[in-house]
Amino acid sequence: MTLYRDKAVVLRTYDLREADRIIVMMTESHGKVRAVANGVRKMSSRFGARLEPLSHVDILISTGKNLGTVNQVDLVTSAKGLYADLDRLTMGLAMLEAVDQLGMENEPTEHLYRMLVGALQWLSENDSSLVLAAFYFKLLVAEGVGAQVEACVGCGAPGDRLVAFDVFRGGAQCRDCRSGATISAEAIGIIQDIVGGRLNNALSLRASSATREVAALATKCMEHHLERRLKSVAVFESPEM
Amino acid sequence: MASAYTQPMQALIDALSRLPGIGPKSAQRIAFHLIKCEERDVEQLSSAITKAKTMVKFCQRCFNFSESDLCQYCGDDRRDATTICVVEESRDVIAIEKTREFSGQYHVLLGTINPLDGVGPEQLKIRELLQRIEPQGVKEVILCLNPNTEGDVTSMYLARVLRPLGVKVTRIASGLPVGGDLEYADELTLGRALEGRREVVG
């Protein structure tokens, strides 16, 4: 049995036995880790509150034969800002779900950890309808399957002639090559800003039909890459009862 | 490999091991115990199970477990129909009744919104809650949900859909257990307790 210390963001939890939980987290230097936290569902638990999804923690884990055990937890930053608003909270959870799907167990993925921490930090301090979409597009770039929006994926026609976006081909298309759904020029511009390093431009935009177009497309691209539906996004797709 | 047990015994063990918290080893122990028991005791158990299953149903108004169409709280005129306490499961109703502090009616959601598992508002009894507000003249809805992610998401969602109906929406406080020690409280709980502090009248 060895002990190690790491920083982590809690991705999700599963109830185990009477009062225990399995904690799934994205760590800085050990990749995605699953570990048992004993007795955290009891009222008297000393660190149960720090192990809710979205918490950014400093954690001490002892490795076991199969699952490790959580020995100690300290908060790095509390997710209080995210828990104060329903939209922020659901966007945060949608980020966790994507990272949970992309991360590999015990395979160091420091970039995933850093991107997640950065995005959550930004989300807890600012309001933007596009932060989730931007996070998804950036994740896809980091995975090596970023959306191609500078030129047509079929013939290389320049940016001002793009009219459609095909998720299967992974990018925007001109009128002659189009096989995907129509996309507005504003939406193309926003995605160009996101993947082209002008993130702040995109994040400062007010909600509009173009930002909604980008948000829907980001989810579609991410779902296409993961080959599964993102549950946390689907839950609030029809908020009107 | 053929089972070491006789067929009826194996069937009993299989049925028992499907119960929550009971593994194959416990199932085997219970099965052996039942076989050794007197016939009268076993019959009592089996009739209690079938009776409970046929007689207990959901209250049509609040979805608490009930023997009749309305549960004992919804059918009681002395209880205040203008205050509704929203809980996740029937067992939470029991916990709140034990406090003897609440005299309104209940509404059981039969779950909580859980985005990470894909459980959305339409899978819960939220529509039914909204339909109770006007006919009953509800003035206050108390959200009595667990202080965790699912409870927070559900509370904020309910607040968002209930506010436009003109009802007061409150959520139970979260803080230190009675008889506890500040020194041992974690910072999140203590922080919430500070946030929800109130004036002391001496």
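For the structure itself, look to the data block above.
First things first, this report covers the structure right here in the doc. Just so it is clear, the model here is predicted, and its values are computed rather than measured. (Residues numbered from 1 in each chain as written. Chains lettered and ligands numbered in written order. Predicted model: local features only at pLDDT ≥ 70, side-chain atom pairs only at ≥ 80, totals over all residues. Heavy atoms only, no water.)

## Re the overall build of chain A
If you tally the helices and strands in chain A, you get 8 helices and 8 strands. Since a compact globule built from 241 residues should have a radius of gyration of about 18 Å, the 20 Å found for chain A is in line with a globular shape. Considered along the principal axes of its C-alpha atoms, chain A spans approximately 65 × 35 × 30 Å. Looking at the 241 residues of chain A, the share that counts as buried comes to 51%. Sequence-distant contacts, at least 24 apart, represent 55% of the contacts inside chain A between residues at least 6 apart. (Helix = DSSP H or I, 4+ residues; strand = E, 2+ residues; numbered from the N terminus. Rg over C-alpha atoms; globule rule 2.2 N^0.38 Å. Buried < 20%, exposed > 50% of the residue type's maximum accessible area, 1.4 Å probe, protein only. Contact = heavy atoms within 4.5 Å.)

## Regarding the interface of chain B and chain A
Each partner contributes to the interface: chain B provides 24 residues, whereas chain A provides 25 residues. In this assembly, chain B and chain A are joined by 3 salt bridges. A salt bridge links D117 of chain B to R12 of chain A, with the nearest nitrogen and oxygen atoms 2.7 Å apart. At the boundary of chain B and chain A, one finds 7 residue pairs in polar contact (both at pLDDT 80 or more). (Salt bridge = Lys/Arg side-chain N within 4 Å of Asp/Glu carboxyl O. Polar contact = N/O pair within 3.5 Å; in protein donor to acceptor, adjacent residues only side chain to side chain.)

## Digging into the pattern of salt bridges
Counted by the stated rule, this structure contains 21 salt bridges over all chains. Here D100 of chain A ties to K32 of chain A by a salt bridge, and the two come within 2.9 Å at their closest N and O atoms. Here K32 of chain A lies in strand β3 (residues 32–37) and D100 of chain A lies in helix α2 (residues 86–102), a separation of 68 residues in the sequence. For D100 of chain A, a relative accessible area of 12% corresponds to the buried category. We note a salt bridge from D152 of chain B to R192 of chain B, for which the minimum N-O separation is 3.3 Å. Highlighted residues: D152 of chain B in helix α6 (residues 149–162) and R192 of chain B in helix α7 (residues 187–195), separated in sequence by 40 residues. Several salt bridges converge on common partners, so that one network encompasses D15, R21, R41 and E52 of chain A.

## Quick notes on the pairing of strand β6 (residues 162–166) of chain A
Residue and element names in this part refer to chain A. Taken across its 5 residues, β6 has 5 buried, putting it largely inside the fold. Adjacent in sequence and paired antiparallel, β6 and strand β7 (residues 171–174) are bridged by 4 residues, among which G170 carries a positive phi angle near 75°. Where β6 meets strand β8 (residues 181–182), 2 bridges bridge the pair, whose relative direction is antiparallel. Pairing of F165 across the sheet is with A181, part of β8. (Pairing = 2+ DSSP bridges.)

## So, a nonpolar patch on the surface
The grouping of M55, V56, F58 and F65 of chain B at the surface amounts to a nonpolar patch, some 370 Å² of accessible area in total. Locating V56 of chain B in the fold gives a position in the loop between α3 (39–55) and β1 (57–58). (Patch = residues over 30% accessible without salt bridge, like charges linked within 9 Å, V, L, I, M, F, W, Y side chains within 5 Å. Areas by Shrake-Rupley, 256 points an atom, 1.4 Å probe, with all protein chains shown as cover.)

## Here we look at the packing of helix α1 (residues 7–17) of chain B against helix α2 (residues 24–36) of chain B
Residue and element names in this part refer to chain B. Packing of α1 against α2 leaves a shortest axis separation of 8 Å and a crossing angle of 125°. With respect to each other, α1 and α2 are oriented oblique. Judged by the twist between their axes, the crossing of α1 over α2 is right-handed. Along the contact surface, α1 presents M9, L12, I13, L16 and S17, while α2 presents P24, A27, Q28, I30, A31, F32, L34 and I35. When the residues that make up the contact of α1 with α2 are grouped by side-chain class, the tally is 11 nonpolar, 2 polar and no charged. (Axes fitted to C-alpha atoms, helices over the stretch in contact; angles between N-to-C directions. Parallel < 35°, antiparallel > 145°, perpendicular 65-115°, else oblique. Left-handed = near helix turned anticlockwise from the far one by under 90°. Nonpolar A, V, L, I, M, F, W, Y, C, P; charged D, E, K, R; others polar.)

## Observations concerning the pairing of β7 of chain A
One ladder, built from 4 bridges, connects β6 of chain A with β7 of chain A; its direction is antiparallel. Within β7 of chain A, the position partnered with F165 of chain A by the bridge is A172 of chain A.

Any link to function would need more than the numbers given here.
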